[in-house]
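Survey of secondary and tertiary structure
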Amino acid sequence: MDDSGQPLPADDTDPAVRAAGGWGRLRQGVIYRDGVSGGRPAVPTAFPELERRAARVLSPKAYAYVAGSAGLEGTADANRRALDRHRIVPRMLRDVSARDLSVELLGRRLASPLLLAPIGVLELAHPEADVAVARAAAAEGVPYILSTQASRPMEQCAAAMGDAPRWFQLYWSKSEELVASFLRRAEAAGCEALVVTLDTTVLGWRVRDLDLGSLPFSQGQGIAQYTSDPVFLRLAAERAEQPKTGPKPKVTAAAVRSLLSIARTHPGPTGRNLRSPLPRAAVETFLDIFSRQDLTWGDLARLRTMTRLPILLKGLQHADDARRALDAGVDGVIVSNHGGRQVDGAIGSLDALPGIVEAVGGRVPVLFDSGVRGGADVFKALALGARAVCVGRPYFYGLALAGADGVRQVLQNLRAELDLTMALTGCASLADVTPELLASA
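What comes next concerns the included structure. Computed from a prediction, not measured in an experiment: that's the story for all the values here.

As a further point, take the overall build of the protein. Across its full length, the protein holds 19 helices and 12 strands. Radius of gyration (C-alpha) of the protein: 22 Å, near the 22 Å computed for a compact globule of 441 residues. Within the protein, the fraction of its 441 residues that count as buried is 54%. Sequence-distant contacts in the protein: of pairs separated by 6 or more residues, those separated by 24 or more amount to 75%. With the model as given, the accessible surface of the protein reaches about 18800 Å², and the carbon-plus-sulfur share is 54%. Mean positive and mean negative side-chain charge positions of the protein (51 and 48 charges, respectively) differ by 5 Å.

Structure follows, in structure tokens:
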């Protein structure tokens, strides 16, 4: 047991896992034994209740930020419909007494095919933010993709993870010098791969945030990777020295709260930050250089010269883009529509997966992201050819409810349901999870 009372990470060869009859039976046993004494899971096991419970503890702006999607939120709905259109067909009388959920990914053997997707502004969910998620990921042996829009610097997360696997997700800034600095830091922090998000050259039309007038970054939230970077701090200092132009902001209670938020989130004492122009210049600098709209396939060759890390492209939805990615020499692709947060009316991410898997033809791993809410969803993505699956909103909600322990419980529940789904469909390993186990609804 660790300091939180949770079991230490194990794999399918662990005696406790085998004695229990697999991950699923082990997790069920923990919950049902606690139930004898009147205990209930701090984190609901089903996503609808998990989201409802988290909505009660999150601020309205925090909930809008994580739960919202673009426009009429049709793409988020399409993600769910795409998963629901594929129905699982169980097979019987197969020996599933010993199940292996492990997978090899970029040269590392993982105990399960789960990864924690990059999510920004985790301070909206919990004060420990990314560091709490890092501890949970390390405890469960699940790779954590550190976000560019983190609330804590990557170095703090790395320190919390020890030798556990982590990757770094990059939003390609307008400052090439800053990109190079991020990459050097990611390598020094022990990140094992680079995930380049392609679908957010600009923020999508996110109506829940717009109707609240809420952009966390303008409050100084979610920019800790930047304010901990020497290149960015130099750029912000240069901006702070420039004469102010444009209309002055109105002095209102909300403006004062925003100023306090910026001062609190910027490195250093709040009082000093309130008197300094640097924190506000840092926010303005970030908003100016956040992401580039002029990137092309040709830029990937330059990126390759900037890092020794394997490169994966996140945000692919078309088979032709997957082929272009292979031509560019990338090491993996992530089929994702950003959880529906960027383009309204787009196809469900699972609908894009089979065509991209076919186009890639096994030459690099294909990962899946967007819309995963339970272990059965993970099973469907694996059956359609994904090597591994990234999980997003569920762990944000677990973090909101119970910090690092909440993230661990979300991961344990997903892994347990995946294990039980495999057992009940006749699959002893991930190699057995094939398209023949799915039917169209």
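Still more ground to cover, so stick around.
This brings us to the packing of aromatic side chains. Here the structure, examined in full by the defined rule, presents 10 aromatic pairs. An angle of 55° between the planes, with centres 5.3 Å apart, marks the rings of Tyr-171 and Phe-290 as tilted. Separated by 119 residues along the polypeptide, Tyr-171 in the loop between strand S6 (166-170) and helix H8 (176-188) and Phe-290 in the loop between helix H14 (278-289) and helix H15 (299-306) bring together distant segments of the chain. The class of Tyr-171 is buried, set by a relative accessible area of 9%. Feature note: the residues Phe-168, Tyr-171, Phe-182, Phe-217, Tyr-226, Phe-232, Phe-286 and Phe-290 constitute an aromatic cluster, connected by ring pairs. Stacked on the ring of Tyr-65, the Lys or Arg Arg-341 has its end atom at 4.8 Å from the ring centre. It is Arg-373 that lies over the ring of Phe-47; its NZ or CZ is 4.6 Å from the centre.

Turning to its location among the elements, Gln-149 is positioned in the loop between strand S5 (144-146) and helix H7 (154-161). It is 6.7 Å that separates the C-alpha atoms of Gln-149 and Gln-225, two residues lying 76 residues apart in sequence. Those residues in contact with Gln-149 that sit more than four places away from it in its chain are Gly-120, Val-121, Tyr-171, Phe-217, Gly-222, Ile-223, Tyr-226, Phe-286 and Phe-290.

Moving on, we get to the state of the cysteines. Linking two cysteines covalently through their sulfur atoms gives a disulfide. With the rule as written, the count across this model stands at zero disulfides. Free of any disulfide, Cys-157 has its nearest cysteine sulfur in Cys-191, 9.1 Å distant. Note on Cys-157: relative accessible area 2%, which makes it buried. Cysteine Cys-390 is unpaired, with the sulfur of Cys-191 as its nearest cysteine sulfur at 15 Å.

Turning next to the packing of helix H18 (residues 375-383) against helix H19 (residues 393-424). Where H18 contacts H19, the axes come no closer than 7 Å and their chain directions differ by 60°. Taken together, the axes of H18 and H19 are oblique relative to one another. In this structure, the crossing between H18 and H19 has a hand that is right-handed. Only Leu-414, Glu-417, Leu-418, Thr-421 and Met-422 of H19 make contact with H18, whose side of the interface consists of Gly-375, Ala-376, Val-378, Phe-379 and Leu-382.

Per the stated rule, a full pass over the model turns up 24 salt bridges. Among the salt bridges present, the one from Asp-84 reaches Arg-80, with a minimum N-O distance of 3.1 Å. Taken together, the residues span about one helical turn, with Asp-84 and Arg-80 both in helix H5 (residues 74-85) at a distance of four residues. The partly exposed category is assigned to Asp-84, whose relative accessible area is 33%. Arg-85 is the partner of Asp-351 in a salt bridge, and the nearest nitrogen-oxygen pair spans 2.4 Å. Highlighted residues: Asp-351 in helix H17 (residues 349-360) and Arg-85 in helix H5, separated in sequence by 266 residues. The partly exposed category is assigned to Arg-85, whose relative accessible area is 36%. It is possible to trace a salt-bridge network through shared partners that takes in Glu-176, Arg-292, Asp-294, Asp-299 and Arg-302.

Okay, helix H6 (residues 129-140) next. For H6, built from 12 residues, the straight-helix expectation of 16 Å at 1.5 Å per residue is met to within 8% by its first-to-last C-alpha distance of 17 Å. Within H6, 10 of the 12 residues are buried, which leaves it mostly tucked inside the rest of the structure. Of all the positions in H6, only Ala-129, Asp-130, Val-131, Ala-132, Val-133, Ala-134, Ala-136, Ala-137, Ala-139 and Glu-140 are classed as buried. In the core, the buried residues of H6 are packed alongside strand S4 (114-116), S5, H7 and H19. Just past H6, the residue Gly-141 takes up positive phi, approximately 70°.

The subject of this paragraph is unusual backbone geometry. Of note, Leu-93 is a non-glycine position whose phi angle comes to about 55°, a positive value. Among the structural elements, Leu-93 can be located in the loop between strand S1 (86-88) and strand S2 (103-105). Despite not being glycine, Ser-370 has its phi angle at roughly 105°, a positive value. Counting through the fold element by element, Ser-370 comes out in the loop between strand S10 (366-368) and H18.

On to the pairing of S6, then. Burial within S6 is extensive, with five of its five residues counted as buried. Where burial is concerned, the two faces of S6 agree: the one with Arg-166, Phe-168 and Leu-170 and the one with Trp-167 and Gln-169 are both buried. Where S5 lies against S6, three bridges are found, and the strand directions are parallel. Across the sheet, Leu-146 pairs through a bridge with Phe-168, a residue of S6. For the handedness criterion, the β-α-β arrangement of S5, H7 and S6 is classed as right-handed. As judged from the three bridges shared by S6 and strand S7 (residues 194-197), these two strands associate in the parallel manner.

Let us look at the environment of Ala-150. Relative to the elements of secondary structure, Ala-150 occurs in the loop between S5 and H7. Residues Ala-150 and Arg-234, 84 residues apart in the sequence, show an inter-C-alpha distance of 20 Å.

What counts and how
- Residues numbered from 1 in each chain as written.
- Predicted model: local features only at pLDDT ≥ 70, side-chain atom pairs only at ≥ 80, totals over all residues.
- Heavy atoms only, no water.
- Helix = DSSP H or I, 4+ residues; strand = E, 2+ residues; numbered from the N terminus.
- Rg over C-alpha atoms; globule rule 2.2 N^0.38 Å.
- Buried < 20%, exposed > 50% of the residue type's maximum accessible area, 1.4 Å probe, protein only.
- Contact = heavy atoms within 4.5 Å.
- Areas by Shrake-Rupley, 256 points an atom, 1.4 Å probe, with all protein chains shown as cover.
- Lys, Arg positive; Asp, Glu negative; His and termini not counted.
- Charge placed at Lys NZ, Arg CZ, Asp CG, Glu CD.
- Phe/Tyr/Trp six-rings, centres within 6.5 Å; stacked < 30°, edge-to-face > 60°.
- Lys NZ or Arg CZ within 6 Å of the ring centre and 35° of its normal.
- Disulfide = S-S within 2.5 Å.
- Axes fitted to C-alpha atoms, helices over the stretch in contact; angles between N-to-C directions.
- Parallel < 35°, antiparallel > 145°, perpendicular 65-115°, else oblique.
- Left-handed = near helix turned anticlockwise from the far one by under 90°.
- Salt bridge = Lys/Arg side-chain N within 4 Å of Asp/Glu carboxyl O.
- Expected span 1.5 Å × (residues − 1).
- Pairing = 2+ DSSP bridges.
- Right-handed = clockwise from strand over helix to strand, strands pointing away.

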